[in-house]
Amino acid sequence: MRHLQDDQLLLRKGLEEEVYVGTSDADIVPLSHRIAADLSGFVTEPDSRNVEYTTPPVRSYEQMLDKLMSQRCRLRRYVQDLGGYTLVPGSTMSMVTDDEFFISNPKNPYYRFIRDNYGTDVVTASTHINLGIADPEQLIKAYRLLRAEASMYLALTANSPFRYGRPTGAHSTRWQVFPPTPAVTPFFVDHAHFRSWVAEQLAAGTMFNPRHLWLSIRPNGQGTPDVLERLELRICDRIARPQDVAAIVALMEARVWQSLEDPSIDPLAVRSEDELQQICADNERRAAEASLEAVVTDWQTGEDVSMRRWIEECWRACAPTAESHGFANHLAPLGSILSEGNFSQQWLSRVAAGAEPRDVLRDAIIELTEVDRRYDPDCPSASSWS
């Protein structure tokens with residue numbers, strides 16, 4: 001019976017996680033080419049210091065987390081056995097002091113293009129959230145809503161305050177330096193608009209291939225841009241704690257369901273394209289700078305509001321929808337993030353009190369290793385490094 005309810009009430013969801021591998025002293029090591037060669041389901045990124053793995057689409061939150069943590073712990077065991085390595089938290093190469101690019105496959109023309117045009121600004125770690133939506137017109141409508149609110153998800157997950165061994169002044173340095181490509185992407189009015197626009201970019205050379213579309217959220221699918229089946233949220237810094245992953249996914253899913261069930265929820269019905277472009281660009285910039293401490297613009301009212309308050313209001317508005325679809329319990333960890341701060345805020349608070357960034361990351365490595373071990377006892381423990 002529960003399976004039937006899941007089919008009716010929950011969207012299919014899958015995750016893409018990019019992580020750094022390195023030492024317990026927070027030094028990142030270029031290993032992705034070896035990991036991808038030895039572990040099925042793991043792939044290289046252009047630079048060999050971050051590696052990616054994915055989860056297959058499932059409806060259940062419990063299955064989603066189990067599949068994520070199974071992959072994560074496989075990686076932890078492999079790198080532990082390889083050389084006593086571990087996963088290094090954060091979403092920028094915090095302790096790397098130069099801009100050398102360690103290309104993972106020099107024969108790959110796309111990787112060479114990335115190296116030559118973007119350098120290490122794109123060697124980041126993140127969590128991408130994919131939600132399945134069968135109807136491409138409904139998917140495009142949900143894209144407009146989630147893009148208008150994408151800065152919320154960055155504010156909740158920011159954990160990249162360091163680069164070159166020191167604080168940068170931003171909470172998400174990853175998103176602050178990551179290059180939006182193309183520079184301006186529309187709030188598409190329908191699927192045909194999306195298809196024609198992507199074709200124009202490919203013809204003009206502003207996109208290398210159909211997936212060279214780097215923005216906070218994008219329509220996607222195996223046959224993109226012609227065939228779409230999922231909405232991919234790309235703005236989040238890497239989400240380390242499993243319960244936080246579920247909470248962020250639940251907030252996104254609740255908003256998607258509200259878009260699907262209420263035709264009146266549509267940013268383009270309230271604001272012009274130009275207004276939305278400006279509001280969203282400003283909100284994402286402010287969220288990258290100050291995350292939960294930012295002041296942003298509510299696209300519905302046009303008024304400035306604190307990011308915390310905006311998220312709280314969205315959470316409250318989503319709760320009945322999440323309840324009716326059976327996943328409201330997964331929203332609860334949002335309260336802890338809002339009250340205790342994201343990792344960037346916590347880490348910067350320690351630096352302000354006198355700690356060195358490397359010491360902050362060393363402690364975070366131990367903490368998050370044990371978080372993963374509590375979820376899956378087969379994960380290596382921090383004591384195994386000694």
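Quick caveat, the model's predicted, so the values are computed rather than measured.

A. Representation of the overall build of the chain in the model. The helix and strand tally for the chain stands at 14 helices and eleven strands. Relative to the compact-globule value of 21 Å for 386 residues, the chain shows a C-alpha radius of gyration of 20 Å, a close match. Seen through its C-alpha atoms, the chain measures out along the principal axes to roughly 60 × 45 × 45 Å. Each of the 386 residues in the chain was classed as buried or not, and the buried ones make up 58%. In the chain, of all internal contacts separated by at least 6 residues, the share reaching a separation of at least 24 is 73%. About 15,100 Å² of surface is accessible on the chain, with carbon and sulfur atoms providing 49% of the total. Across the chain, the mean location of the 39 positive side-chain charges is 3 Å away from that of the 55 negative side-chain charges.

B. Geometry of the pattern of salt bridges. In this structure the tally under the stated criterion is 22 salt bridges. Of the charged contacts in the structure, one is a salt bridge between aspartate 27 and arginine 358, with a shortest N-O distance of 3.0 Å. Linking aspartate 27 in the loop between strand 1 (13-22) and helix 2 (32-38) with arginine 358 in helix 14 (residues 357-375), this pair joins segments that are 331 residues apart in sequence. Of the residues examined, arginine 358 reaches a relative accessible area of 24% and is grouped as partly exposed. One salt bridge connects aspartate 282 with arginine 285, and the closest N-O pair in it is separated by 3.6 Å. You can see aspartate 282 and its partner arginine 285 sitting in helix 10 (residues 273-290), three residues apart, about one turn around the helix.

C. Broad picture of helix 12 (residues 333-340). Among all positions in helix 12, only Pro333, Leu334, Ile337 and Leu338 are buried. Viewed along the axis of helix 12, the buried residues span an arc of 140 degrees, placing them on a single side of the element. The outward face of helix 12, more than 90 degrees from its buried face, is lined by the exposed residues Ser339 and Glu340. Check the buried side of helix 12 and you find it contacts helix 6 (150-157), helix 9 (242-261) and helix 11 (307-324). Glycine 341 sits one or two positions beyond helix 12 and adopts a positive phi of about 95 degrees.

D. Spotlight on the pairing of strand 8 (residues 217-220). Covered by surrounding structure in strand 8 are Ile217 and Pro219 together with Arg218 and Asn220, the residues of both alternating faces. When strand 8 meets strand 9 (residues 230-233), the two strands line up antiparallel, connected through four bridges. From the neighbouring strand, proline 219 faces strand 9, where its bridge partner is leucine 231.

E. Just the side chain of asparagine 220, in detail. Following the sequence through the fold, asparagine 220 ends up in strand 8. Within the structure, the side chain of asparagine 220 is placed 2.8 Å from the side chain of glutamate 232, a separation counted as a polar contact.

F. Structural detail: the nonpolar core. With 118 residues, the main nonpolar core has Ile35, Leu75, Tyr153, Leu231, Met252 and Met307 as its most contacted residues. Counting residues per element, this core draws most heavily on helix 9, at eleven residues. Those residues in contact with isoleucine 35, other than ones at most four positions away along the chain, are Val21, Phe42, Val51, Leu75, Tyr78 and Val79.

G. Quick peek at the packing of aromatic side chains. Inspection of the entire model under this criterion finds 14 aromatic pairs. Taken together, Tyr110, Phe113, Tyr118, Trp175, Phe178, Phe208 and Trp214 form an aromatic cluster joined through their ring pairs. The ring centre of phenylalanine 187 lies 4.3 Å from the NZ or CZ of arginine 147, which sits over that ring.

H. Examining the environment of methionine 69 more closely. Structurally, methionine 69 is set in helix 3 (residues 61-83). Put simply, methionine 69 and threonine 185 are 116 residues apart on the chain and 34 Å apart in space, counted from C-alpha to C-alpha. Excluding its chain neighbours within four sequence positions, the residues that come into contact with methionine 69 are Pro242, Asp372, Tyr375 and Asp376.

I. Expanded view of the environment of arginine 350. Following the sequence through the fold, arginine 350 ends up in helix 13 (residues 343-352). Residue class for arginine 350 comes out partly exposed when judged on its relative accessible area of 34%. Expressed as a C-alpha distance, the spacing of arginine 350 and valine 360, which sit ten residues apart in the sequence, is 7.2 Å. In contact with arginine 350, not counting residues within four places along its chain, are Ala355, Asp359, Val360 and Asp363.

J. Molecular detail of the confidence of the model for the chain. Averaged over every residue, the pLDDT of the chain is 96; residues scoring 70 or more account for 98%. Every residue in residues 1-5 scores below 50 in pLDDT, and together they form three contacts with partners more than four places removed in sequence or on other chains.

Rules used throughout
- Residues numbered from 1 in each chain as written.
- Predicted model: local features only at pLDDT ≥ 70, side-chain atom pairs only at ≥ 80, totals over all residues.
- Heavy atoms only, no water.
- Helix = DSSP H or I, 4+ residues; strand = E, 2+ residues; numbered from the N terminus.
- Rg over C-alpha atoms; globule rule 2.2 N^0.38 Å.
- Buried < 20%, exposed > 50% of the residue type's maximum accessible area, 1.4 Å probe, protein only.
- Contact = heavy atoms within 4.5 Å.
- Areas by Shrake-Rupley, 256 points an atom, 1.4 Å probe, with all protein chains shown as cover.
- Lys, Arg positive; Asp, Glu negative; His and termini not counted.
- Charge placed at Lys NZ, Arg CZ, Asp CG, Glu CD.
- Salt bridge = Lys/Arg side-chain N within 4 Å of Asp/Glu carboxyl O.
- Arc of directions from axis to C-beta.
- Pairing = 2+ DSSP bridges.
- Polar contact = N/O pair within 3.5 Å; in protein donor to acceptor, adjacent residues only side chain to side chain.
- Core = buried A, V, L, I, M, F, W, Y, C linked by side-chain atoms within 4.5 Å.
- Phe/Tyr/Trp six-rings, centres within 6.5 Å; stacked < 30°, edge-to-face > 60°.
- Lys NZ or Arg CZ within 6 Å of the ring centre and 35° of its normal.
- pLDDT = per-residue confidence, 0-100.

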